[in-house]
Amino acid sequence: MTVKVTFVCLGNICRSPMADGVFQKLVNEAGLQEQILVDSAGTSSYHMGEQAHPGTRNELKKHGIVYNGRSRQINHADNNPHTYLIAMDESNLSDLIRAFGQREKTYRLLDFAAQTNEKNVPDPYYVGGFDYVYNLVADGCAGLLAFIRQEEGL
Ligand code: 4NP
C-alpha cells in the first residue's frame with residue numbers, strides 16, 4: 001500500500017516546501033520511498049510555478065537537502081483517502097476543512113511535535129526566521145513519520 005503525504009501552507013514557497021524537503025529526507029533514510037510519497041501544495045495560487053523562497057532553499061541546503069519543487073495549488077485530486085494532508089497552521093487547516101470537509105488524515109504538523117508547545121508554524125514570508133521554521137518542522141516531521149509508520153504498519 002502506498003500512502004501520500006502532502007504538506008499544505010498558504011503560498012507553497014516557504015513552510016510546506018521546508019516540510020516537504022525535511023520529510024522526504026526522513027523517508028529516504030528509513031528506506032520507505034516506495035511506500036510513502038511526499039509533496040506539498042498551497043491553499044492559494046499566489047506563487048504557482050515558482051521555486052521555493054531562497055530562505056527555505058538556503059535553510060534546507062544547510063541541512064544537506066536540495067529542494068527543486070515548484071509551487072502548486074491544492075486541488076480535488078489531493079482529497080484522496082490515501083493522502084495525509086498536513087497543514088502548517090490553523091488557517092491552512094480551516095481552509096482544508098472548508099474545501100474538503102471533515103476527513104480522515106487531515107492534521108496540523110505540530111500536533112506531532114514533541115519539543116515545542118507551538119501549534120502553528122509561523123509564516124516567515126514577511127518577517128524571516130527560516131531557521132526557527134526549520135527546527136519546528138523537523139520536530140513535527142519526526143513525530144509525523146513515527147505516527148504514519150504505526151498507522152500504516154510500515
Ligand atoms: P508560505 O508563506 O505560506 O509558508 O509559503 C507565504 C508565501 C507567500 C505569501 C504568504 C505566505 N503571500 O502572501 O504571497
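These remarks concern the structure in this document. Model, not experiment: these values are computed from the prediction.

## Let's talk about the side chain of Thr83
No. 1: Position of Thr83 among the secondary structure elements: in strand E3 (residues 83-87).
No. 2: Classification of Thr83 by relative accessible area gives buried; the value is 5%.

## Focus: the pattern of salt bridges
Once their charged atoms are close, side chains differing in charge can pair, the charge on each being opposite to the other.
No. 1: Inspection of every chain in the model, using the stated rule, returns seven salt bridges.
No. 2: Of the charged contacts in the structure, one is a salt bridge between Lys62 and Glu59, with a shortest N-O distance of 3.1 Å. Pair noted here: Lys62 and Glu59 are both in helix H2 (residues 54-62), with a separation of three residues, about one helical turn.
No. 3: On the accessibility criterion, Glu59 (6% relative accessible area) is buried.
No. 4: With a closest N to O distance of 2.9 Å, Asp95 and Arg98 form a salt bridge.

Here is what the cut-offs are and how they apply
Residues numbered from 1 in each chain as written. Predicted model: local features only at pLDDT ≥ 70, side-chain atom pairs only at ≥ 80, totals over all residues. Heavy atoms only, no water. Helix = DSSP H or I, 4+ residues; strand = E, 2+ residues; numbered from the N terminus. Buried < 20%, exposed > 50% of the residue type's maximum accessible area, 1.4 Å probe, protein only. Salt bridge = Lys/Arg side-chain N within 4 Å of Asp/Glu carboxyl O.

These values are about where atoms sit, not about what they do.
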